[in-house]
Amino acid sequence: MNLIDTHAHIYSAKFDSDRDEVIEEIRQAGIERIYMPNVDVETIDRMLECESRYGDLCVPMMGLHPCDVKEDFEQQLYVMEGWLNSREFAAVGEIGTDLYWDKTNFDRQKEALQIQLGWAKAKGLPVVLHCRESIDETIELLENAQNGSLTGIFHCFTGSLEQANKIVKLGFLLGIGGVATYKNGGLDQVIPFIGLENLVLETDAPYLAPVPYRGKRNTPAYLPSIAERVGDMLHISAEIVATKTKSNALNLFKEINS
Ligand SMILES: [Zn+2]
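Worth saying up front: this structure is predicted, and the values here are computed from it rather than measured. (Residues numbered from 1 in each chain as written. Predicted model: local features only at pLDDT ≥ 70, side-chain atom pairs only at ≥ 80, totals over all residues. Heavy atoms only, no water.)

Asks: Please explain the overall build of the chain as it appears in this structure.
Replies: When helices and strands are counted, the chain shows eight helices and eight strands. A compact globule built from 258 residues would reach a C-alpha radius of gyration of about 18 Å, and the chain, at 17 Å, matches this within 12%. Principal-axis analysis of the C-alpha atoms gives the chain an extent of 45 × 40 × 35 Å. Burial status across the chain gives 57% buried among its 258 residues. Looking at the chain alone, contacts between residues at least 24 apart form 74% of all its contacts between residues at least 6 apart. Carbon and sulfur atoms provide 47% of the accessible area of the chain, an area that totals close to 11400 Å². (Helix = DSSP H or I, 4+ residues; strand = E, 2+ residues; numbered from the N terminus. Rg over C-alpha atoms; globule rule 2.2 N^0.38 Å. Buried < 20%, exposed > 50% of the residue type's maximum accessible area, 1.4 Å probe, protein only. Contact = heavy atoms within 4.5 Å. Areas by Shrake-Rupley, 256 points an atom, 1.4 Å probe, with all protein chains shown as cover.)

Below you can see the structure in the form of C-alpha cells.
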C-alpha cells in the first residue's frame, strides 16, 4: 500500500531520540510522502532540518498555528512571509482558528488567518487548516475569502455531514485521521456520504494515534490503520483508499502524480 500522510509533525521533539528508526518504519509501512505543517517561528529550523535529512519523504509547509497567535504574531508572520518569498513550500499551514484553548484571542486569530489566506492567494498555494470548536466560524471566514483560487484541507476533520458538505462546496478536502478509528468519533456518519475524491489521509503525529495504538505516540507508520477504517466505512479495499487519497494529495500539493 502506497500512502501519503498530509499532516505530521515529524520534526517534533517527541521523535528526537529515535527519529532515524521511526523514519525507517514509516518507509517500511509504505508511506511515500509526509507533509509537515509548521507551528510557529521556533519550529521552522527543526522542520527544515527534517527536510534536509529526509528530503525524498518530508515536505515542509509554512504558516502560524492559531494556538500560537499571540501578541507578537505580526513579527512571526513577518519572518514567515520572508521564508515564503525565499523558497518553495507545499502549502500555507497550519493556519486556522481554535476556540477550544482560548476564546479571548479570536479576533487576533482571525486577523492572522486573513493575512495568511492572502499569501496563499498571492502565491497560488493550498492552505492546511486547523479548526477546533470553530468549524462553522472558519467555514464562514473562508466563504468570504474565497475568490475561486483558494483550496486546501480541513485537517483532522471531526464535524458533521452538513459541515463536510459545505467544505466540499467551498472547494476544500477533508483531512481524515485517527478519529475515524475511534468508536465515538462520529465519522461513520460523514465519510460514507462524502465521495472518496474529497478525502485525504493524515496522522497528525505525534498526536491522535489511531486504534489500536490510541494513547501512544502517533507516527505516520500507523497510517494504514486509517486507510483500512475508511475502506471499511466505504465498503472498498484499503488499497483503493490509498491510491485515490494519494492522488488527491498530490494533485492538491501540485506534484506530478507518479
Ligand atoms: Zn497539526
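There is more to say after this.
Asks: Help me out: how do you make sense of the coordination of the zinc ion in this one?
Replies: For a metal with four tetrahedral donors the ideal donor-metal-donor angle is 109.5 degrees, whereas six octahedral donors ideally subtend 90 or 180 degrees. At this site the zinc ion is bound by His7 (NE2), His9 (NE2) and Glu94 (OE), with donor distances of 2.0 to 2.2 Å. Coordination of the zinc ion draws on donor residues from a single chain, spaced H-x1-H-x84-E in sequence. Relative accessible area serves as the criterion here: at 5%, histidine 9 is assigned to the buried category. (Donors = N, O, S within 2.8 Å, 3.2 Å for Na, K, Ca; no water.)

Asks: It is not clear to me how the packing of aromatic side chains should be interpreted in this structure. Could you clarify?
Replies: Aromatic ring pairs are reported here in terms of the distance separating the ring centres and the angle at which the planes meet. Using the criterion set out here, one finds three aromatic pairs in the structure. Ring geometry for tyrosine 35 versus phenylalanine 253: centroids 3.9 Å apart, planes at 20°, classification stacked. With tyrosine 35 in strand E2 (residues 31–36) and phenylalanine 253 in the segment after helix H8 (238–252), this pair connects stretches of sequence that are 218 residues apart. On the numbers, 5.8 Å between centres and 80° between planes, the contact of phenylalanine 154 with phenylalanine 172 is edge-to-face. With phenylalanine 154 in strand E6 (residues 152–154) and phenylalanine 172 in strand E7 (residues 172–176), this residue pair connects regions lying 18 residues apart in the sequence. With respect to class, phenylalanine 154 is no different from phenylalanine 172; both count as buried. The ring of tyrosine 100 is capped by arginine 132, whose NZ or CZ atom sits 3.6 Å from the centre of that ring. Here the basic side chain of arginine 214 rests over the ring of tyrosine 182, its NZ or CZ set 3.5 Å away from the ring centre. (Phe/Tyr/Trp six-rings, centres within 6.5 Å; stacked < 30°, edge-to-face > 60°. Lys NZ or Arg CZ within 6 Å of the ring centre and 35° of its normal.)

Asks: Just to check I follow, could you spell out the pattern of salt bridges for this structure?
Replies: Opposite charge on two side chains lets them pair, provided their charged atoms get close. Summed over all chains, the structure comprises nine salt bridges. Notably, a salt bridge pairs aspartate 16 with arginine 46, separated by 2.7 Å at the nearest N-O pair. Here aspartate 16, found in the loop between strand E1 (3–5) and helix H1 (19–28), pairs with arginine 46, found in helix H2 (residues 44–53); they are 30 residues apart in sequence, far enough to count as distant. Overall, the relative accessible area of 43% leaves aspartate 16 in the partly exposed class. Residues aspartate 18 and arginine 217 are paired through a salt bridge, measuring 3.0 Å at the closest nitrogen-oxygen approach. Remark: arginine 217 occurs in the loop between strand E8 (199–201) and helix H7 (223–234) and aspartate 18 occurs in the loop between E1 and H1; sequence separation between them is 199 residues. Residue arginine 217 is classed as partly exposed on the basis of its relative accessible area of 29%. If you follow the salt bridges from partner to partner, you end up with Asp16, Arg19 and Arg46 in one network. (Salt bridge = Lys/Arg side-chain N within 4 Å of Asp/Glu carboxyl O.)

Asks: In this structure, what is going on with the environment of glycine 152? I would like to understand it.
Replies: In this fold, glycine 152 is placed in strand E6. You can call glycine 152 buried: its relative accessible area is 0%. Setting aside chain neighbours within four positions, we find glycine 152 in contact with Pro126, Val127, Gly171, Phe172, Leu173 and Leu252.

Asks: Help me understand the side chain of glutamine 109, please; the structure alone is not making it clear to me.
Replies: Tracing the backbone through its elements, the reader meets glutamine 109 in helix H4 (residues 106–123). On the basis of relative accessible area, glutamine 109 is assigned to the buried category, the value being 2%. Apart from residues lying up to four places away in sequence, glutamine 109 is in contact with Pro66, Val69, Gly96, Thr97, Asp98 and Asp102.

Asks: I tried to follow the environment of tryptophan 83 on my own but got confused; where do I start?
Replies: Along the polypeptide, tryptophan 83 turns up in helix H3 (residues 73–86). Distance in space between the C-alpha atoms of tryptophan 83 and isoleucine 44 is 9.4 Å, their sequence separation being 39 residues. Apart from residues no more than four positions distant in its own chain, tryptophan 83 is found in contact with Ile44, Leu48, Met62 and Phe89.

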